[in-house]
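Each chain, letter by letter, is given below.
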Amino acid sequence: MSVSKPTHHAIRRAAAALLRDRLVAFPTETVYGLGARARSSRAVLRLYAAKGRPRFNPLIAHVADLAQARRLVRFDERAERLARHFWPGPLTLVLPRLAGASVSRLAGAGLATLGVRVPDHPVALALLRRVGEPVVAPSANPSGRLSPTRASDVARTLGGRVAGVLDGGACRVGLESTIVDLSGPRARLLRPGGIAREAIEALIGPLAGAGNEIRAPGMLESHYAPRARLRLDAASAVVGEAYLGYGPLPALPENVPALTLSAARDPQEAARNLFSFLQTLDRPHIRTIAVAPVPRDGIGLAISDRLARAAAPR
Ligand code: TXA
Ligand code: MG
C-alpha cells in the first residue's frame, strides 16, 4: 500500500488500479472514502471484505456530475432541485435505480434504490473523471469504527487492505454526507450530515425522520465508535477519563487529557475536528471520553447523531 500526494500521475495510477478491481482510498470534502469500481461485483466484494461490512448495508455510488448520476437513478423534481443546488457537495440522494445502472447489485444490497452523490473535492472529482464510471465508496474505516478525516487514519486502520491512499490533507467538512431518501412520496432524512436539514427543507419542504430515529439499512445503533466508552453531556471529567469540550475548556483535574472541538463554539469547526479528536483522545489508559453538550441544529444535528452512536451500547 502506498500513500501518495495527489499528483496527476498518482491519480492516473489510482484510476487504473480501480479499473483493475483494486481498492483505492481517496479524500472527499466529508471523510476519506474507500473506492471500488461500482459495476464490478468482484471489486465490491473486496470492499465489503476489507471493511468487515455486513453485505446488507448498501454503498453510495460516487459520480463526477449530474449527467452521470442521471444514468444510474430516476430523478424527480425534488431531486433535480437538491442536486442543482448542493452538488458537488455533501448530500447523498437515494432514488429509484434505473434498470441499466452500471452498479453491481451487490453494491446496492439488492435494493430497488441507489444512493448517489457528487463529492466536492478536486482530487475525488479528478479521480472519478479519470475512471469514467461510478465508484462506490463507503467511509474508509473498518466497519463500526470512527470515520477517517486524514490519510494517516486510513493507512493505520486499513493500510494492508488497499492498493493505495491518495493524500488530500484533512477533510473540510469532517462528517459524512446528509442522506435524503426521495424514493417515495415523502422525503426522508436517513442520516444527518454535512448539509443542514434546514437548508434542504428550505428547498423541498419538511423532511420525515430526524436526528435520532434513523433508518438507513446500515445505520446500526452502535457506530463511529472509539475503543473507549463515551459519556455525553458532561460538564467535566474525572481522572481516568478524557474530556472533549465545546467552547472554552473547564478547569479539569490534572492528567485528564482534554481538547475542545471549537473554543469559539463554531459548529463547522467542531464537525471538522470531531473524528480526529476522538481518535486522539482514545488512548489505551483512557476508560471513558466525557463529551460536552453540543448544539443540535444545523450541522450540530450530525455531530450529536455521531456522538449518540459512538456512545450506544455495543
Ligand atoms: O460522506 C459520505 O457519504 C462518505 C464519503 C466517502 O462519500 N461515504 C459514506 O459511506 O459515508 P458509508 O458507506 O460509510 O455510509 C453510507 C450510508 C450507509 O448507512 C448506508 O446504509 C446508506 O448510506 N445507504 C446507501 N445506499 C442506500 C440506499 N439505497 N438506501 C438507504 N440507505 C442507503
Ligand atoms: Mg461509514
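Remember, it's a predicted structure, so these values are computed and weren't measured experimentally. (Residues numbered from 1 in each chain as written. Chains lettered and ligands numbered in written order. Predicted model: local features only at pLDDT ≥ 70, side-chain atom pairs only at ≥ 80, totals over all residues. Heavy atoms only, no water.)

Asker: Help me understand the overall build of the protein chain, please; the structure alone is not making it clear to me.
Answerer: Looking only at helices and strands, the protein chain features nine helices and 14 strands. Taken over the C-alpha trace, the protein chain has a radius of gyration of 19 Å; the compact-globule value for 314 residues is 20 Å, and the two agree within 12%. For the protein chain, the residues scored as buried account for 58% of the 314 residues in total. The long-range fraction of contacts in the protein chain, counting pairs at least 24 apart against all pairs at least 6 apart in sequence, stands at 67%. Summing over all exposed atoms, the protein chain offers an accessible surface of approximately 12600 Å²; the carbon and sulfur share of this is 53%. Distance between charge centres in the protein chain, computed from 44 positive and 24 negative side chains, equals 8 Å. (Helix = DSSP H or I, 4+ residues; strand = E, 2+ residues; numbered from the N terminus. Rg over C-alpha atoms; globule rule 2.2 N^0.38 Å. Buried < 20%, exposed > 50% of the residue type's maximum accessible area, 1.4 Å probe, protein only. Contact = heavy atoms within 4.5 Å. Areas by Shrake-Rupley, 256 points an atom, 1.4 Å probe, with all protein chains shown as cover. Lys, Arg positive; Asp, Glu negative; His and termini not counted. Charge placed at Lys NZ, Arg CZ, Asp CG, Glu CD.)

Asker: What's the story with the site of ligand 1 in this structure? I'm lost.
Answerer: Near ligand 1 lie 27 residues; those nearest to it are Thr 30, Arg 53, Asn 57, His 62 and Ser 177. Asn 57 is positioned such that a nitrogen or oxygen atom in its side chain is 2.6 Å from an oxygen atom of ligand 1. For ligand 1, a nitrogen atom lies 3.0 Å from a polar atom in the side chain of Thr 113. Considering ligand 1 on its own, with 680 Å² of exposed area, one finds that the protein chains cover 96% of that surface. The dominant element in the shell around ligand 1, judged by the number of residues it contributes, is strand E6 (residues 113-117), at four residues. Taken together, the residues that form the shell around ligand 1 break down as 14 nonpolar, nine polar and four charged. (Near = heavy atom within 4 Å. Polar contact = N/O pair within 3.5 Å; in protein donor to acceptor, adjacent residues only side chain to side chain. Nonpolar A, V, L, I, M, F, W, Y, C, P; charged D, E, K, R; others polar.)

Asker: Would you take a moment to explain helix H7 (residues 197-204) for this structure?
Answerer: Working note: α-helix, 3.6 residues per turn, so residues spaced by three or four point in the same direction. Considered for burial, the residues of H7 that qualify are Arg 197, Ile 200 and Ile 204. Here the buried residues of H7 occupy an arc of 65° about the axis, which is enough to place them on one side. Structurally, H7 contributes buried residues whose contacts are with helix H4 (77-86), strand E5 (91-96), strand E9 (178-181), strand E10 (188-191) and helix H9 (300-311). Of the residues trailing H7, Gly 205 is marked for its positive phi of about 85°. (Arc of directions from axis to C-beta.)

Asker: Whenever I open this one, the pairing of E6 confuses me. Can you help?
Answerer: Counting buried positions along E6 gives five out of five residues, so the element sits mostly inside the fold. In this sheet, E6 lies alongside E5 in antiparallel orientation, the contact comprising four bridges. Its bridge partner lying in E6, Leu 95 is registered against Leu 114. (Pairing = 2+ DSSP bridges.)

Asker: Explain unusual backbone geometry here, please?
Answerer: The bulk of non-glycine residues show a negative phi, and the bulk of peptide bonds are trans. Backbone torsion omega between Trp 87 and Pro 88 reads -10°, so that peptide bond is classified as cis. Its location among the elements puts Pro 88 in the loop between H4 and E5. Notably, Ala 109 is not glycine yet its phi reads approximately 50°, a positive angle. As for its position among the elements, Ala 109 is in the loop between E5 and E6.

Asker: Looking at this structure, how should I read the packing of aromatic side chains?
Answerer: For any pair of aromatic rings, the description consists of the separation of the ring centres together with the inter-plane angle of the planes. Under the criterion given, the structure shown has two aromatic pairs. Residues Phe 75 and Trp 87 carry aromatic rings whose centres are separated by 6.1 Å and whose planes lie at 85° to one another, so their mutual orientation is edge-to-face. Placement of the pair is Phe 75 in the loop between helix H3 (66-70) and H4 and Trp 87 in the loop between H4 and E5, with a sequence separation of twelve residues. Using a relative accessible area of 15% as the deciding quantity, one classes Phe 75 as buried. Given the relative accessible area of 10%, Trp 87 is considered buried. Over the ring of Phe 75 we find Arg 70, and its NZ or CZ is 5.7 Å from the ring centre. (Phe/Tyr/Trp six-rings, centres within 6.5 Å; stacked < 30°, edge-to-face > 60°. Lys NZ or Arg CZ within 6 Å of the ring centre and 35° of its normal.)

Asker: Would you mind showing me how to read the pattern of salt bridges here?
Answerer: Side chains that differ in sign of charge can pair as their charged atoms come close. Under the definition given, this model contains 18 salt bridges. Between Asp 167 and Lys 5 there is a salt bridge; the shortest N-O distance is 3.8 Å. Of this pair, Asp 167 sits in the loop between strand E8 (164-166) and E9 while Lys 5 is found in the loop between strand E1 (2-4) and helix H1 (8-19), placing the two residues 162 residues apart along the sequence. Residue classification places Lys 5 among the exposed positions, given a relative accessible area of 58%. (Salt bridge = Lys/Arg side-chain N within 4 Å of Asp/Glu carboxyl O.)

Asker: What's the story with the sheet that holds strand E13 (residues 258-260) in this structure? I'm lost.
Answerer: Consider a sheet: its strands pair through backbone hydrogen bonds, and that pairing is either parallel or antiparallel. The parallel open sheet is built from four strands, whose spatial order is E11-E14-E12-E13. The sheet is open, and its two edges are formed by strand E11 (229-231) and E13, each paired on a single side. On average, adjacent strands in this sheet sit at an angle of 20° to one another, irrespective of strand direction. Alignment of strand E12 (residues 241-245) against strand E14 (residues 288-291), held across four bridges, turns out to be parallel. (Axes fitted to C-alpha atoms, helices over the stretch in contact; angles between N-to-C directions.)

Asker: Where do I start with the pairing of E12 in this structure?
Answerer: Within a regular strand, side chains alternate between the sheet's two faces. With five of its five residues buried, E12 lies for the most part within the structure. Along E12, one buried face is formed by Glu 241, Tyr 243 and Gly 245 and the opposite face, lined by Ala 242 and Leu 244, is buried too. Note: E12 against E13, three bridges, orientation parallel. Its bridge partner being in E13, Leu 244 is matched across the sheet by Leu 259.

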